[in-house]
Amino acid sequence: MKTIRRVLHVIPSNSRTAAGSWQLGAFVALVLLRSSATASDFCFDRDTVSFANSTVFEYRQGHPHLRRQREKGEPKRYTRRCFVLCRTTMQFQKFARFDPHAPALDDKALAARIRSVTRRAAWGKPLLLDQRVVFPGYPNLRAMSKARREVVRANIGLGWPTYFRLGNSRMLFEHDSSYHKETHANLDAALAHGELFIGFLTTYPRLSINHAVLVYKRKPASHDGIDRYLVYDPNHPESPRELTWSSHDHAFAYQKDWDFIGGSVRVYQIYGKWLQ
């Protein structure tokens, strides 16, 4: 809005071209306002969780195998939390803000504030800045989850309940291309409005992937019929990953890595609305 006021301020009001100038100014203001409303300020290195979700299975070149038993004294692994970490990231983006100049809270107070964020419906509308839950002592979620990892882990939710979400039932059905085209359209619409899109990726009944990721940005358009998106993957907190959409095949595909062989996946939006 400050930018819009500056644009309007420099438009002459006492010249023969005043009317035309005001029309131009109104047009520029509308463009700026639209850009402000649709541009997401999500930053991977600032707004994601620093620690990783561990896979239940051990993977070898993308193929799952049973893990060895945990040895005595070996730290407990943080598993089954891909849905939880994606949901938490969205909740902090909508309902929290950080104040690095104030003293940090003790563990008990910090735990209470984390729960006050993660117990809100992830699909709810973002709070105004002055209504958000304040986290003093840290500049962002990335820094706080690194410095206070155990407190964050203990208060963002359990993993096992996500297996019983009603929305998971969609994976049991083979949908035609129109369903996937609609999902792609919903993804683009969410990003165009500056929103985040959490996707459940699956190849069920195969077990090559059943996983949640958070899509936060569309890459610049290409001429090969492939739309490319930047993704926060809880298994890979070190850097963004890539989800693609083929307009020719009407299908999504996900990037290859140690935990996925790469290739086609079905994508279902989750946490976009109640019961999704």
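(A) Local environment of the packing of aromatic side chains. According to the stated counting rule, one finds 12 aromatic pairs in the structure shown. Taken together, a centroid distance of 6.2 Å and an interplanar angle of 20 degrees make the contact between Phe-92 and Phe-98 stacked. Ring pairing ties together the aromatic residues Phe-42, Phe-44, Tyr-216 and Tyr-232, which thus form one cluster. Its guanidinium or amino end placed over the ring of Phe-95, Arg-120 lies 5.8 Å from that ring's centre, counting from NZ or CZ.

(B) Layout of the sheet that holds strand S8 (residues 241-246). With respect to topology, 6 strands assemble into a closed barrel ordered S5-S6-S7-S8-S9-S10, the strand pairing being antiparallel. The mean inter-strand angle of the sheet, taken between neighbouring strand axes irrespective of direction, is 45 degrees. As defined by bridge partners, strand S5 (residues 197-202) adjoins strand S10 (residues 263-270) across 5 bridges and the pair is classed as antiparallel. Within the sheet, the bridge partner assigned to Thr-202 lies in S10 and is Arg-266. Lying on the sheet, helix H4 (residues 82-95) is in contact with S5, strand S6 (210-218), strand S7 (226-232) and S10; it crosses S6 at an angle near 30 degrees.

(C) The arrangement of a nonpolar patch on the surface in detail. The grouping of Val-56, Leu-158, Trp-160, Tyr-163 and Phe-164 at the surface amounts to a nonpolar patch, some 590 Å² of accessible area in total. Here Leu-158 lies in the loop between helix H7 (149-155) and helix H8 (177-192).

(D) Spatial organisation of the nonpolar core. Grouped together as the largest cluster of nonpolar side chains are 40 residues, with contacts concentrated most on Phe-92, Ile-114, Phe-135, Met-144 and Leu-214. Ranked by residue count, the leading element in this core is H4, at 8 residues. In this structure Met-144 touches Phe-92, Phe-98, Leu-110, Ile-114, Phe-135, Tyr-138, Arg-149 and Val-152, once residues within four positions along its chain are discounted. Ala-190, Phe-197, Val-213 and Val-265 belong to the second-largest nonpolar core, a separate cluster that totals 17 residues.

(E) Geometry of the environment of Tyr-268. Mapped onto the fold, Tyr-268 is located in strand S10. Relative accessible area serves as the criterion here: at 1%, Tyr-268 is assigned to the buried category. Spatially, the C-alpha atom of Tyr-268 lies 10.0 Å from that of Phe-197, the residues being 71 residues apart in sequence. In contact with Tyr-268, other than residues within four places in its own chain, are Arg-170, Met-171, Phe-173, His-175, Tyr-179, Ile-198, Gly-199, Phe-200 and Thr-202. A distance of 3.5 Å separates a polar side-chain atom of Tyr-268 from the backbone oxygen of Arg-170.

(F) Representation of the pairing of S10. In terms of burial, S10 is largely enclosed, as 6 of its 8 residues are buried. Where strand S9 (residues 251-254) and S10 come together, 3 bridges link them in antiparallel fashion. The partner of Tyr-254 across the bridge, within S10, is Gly-263.

Cut-offs used in this document
- Residues numbered from 1 in each chain as written.
- Predicted model: local features only at pLDDT ≥ 70, side-chain atom pairs only at ≥ 80, totals over all residues.
- Heavy atoms only, no water.
- Phe/Tyr/Trp six-rings, centres within 6.5 Å; stacked < 30°, edge-to-face > 60°.
- Lys NZ or Arg CZ within 6 Å of the ring centre and 35° of its normal.
- Pairing = 2+ DSSP bridges.
- Helix = DSSP H or I, 4+ residues; strand = E, 2+ residues; numbered from the N terminus.
- Axes fitted to C-alpha atoms, helices over the stretch in contact; angles between N-to-C directions.
- Contact = heavy atoms within 4.5 Å.
- Patch = residues over 30% accessible without salt bridge, like charges linked within 9 Å, V, L, I, M, F, W, Y side chains within 5 Å.
- Areas by Shrake-Rupley, 256 points an atom, 1.4 Å probe, with all protein chains shown as cover.
- Salt bridge = Lys/Arg side-chain N within 4 Å of Asp/Glu carboxyl O.
- Core = buried A, V, L, I, M, F, W, Y, C linked by side-chain atoms within 4.5 Å.
- Buried < 20%, exposed > 50% of the residue type's maximum accessible area, 1.4 Å probe, protein only.
- Polar contact = N/O pair within 3.5 Å; in protein donor to acceptor, adjacent residues only side chain to side chain.

Remember that the coordinates give geometry; whether it matters functionally is a separate question.
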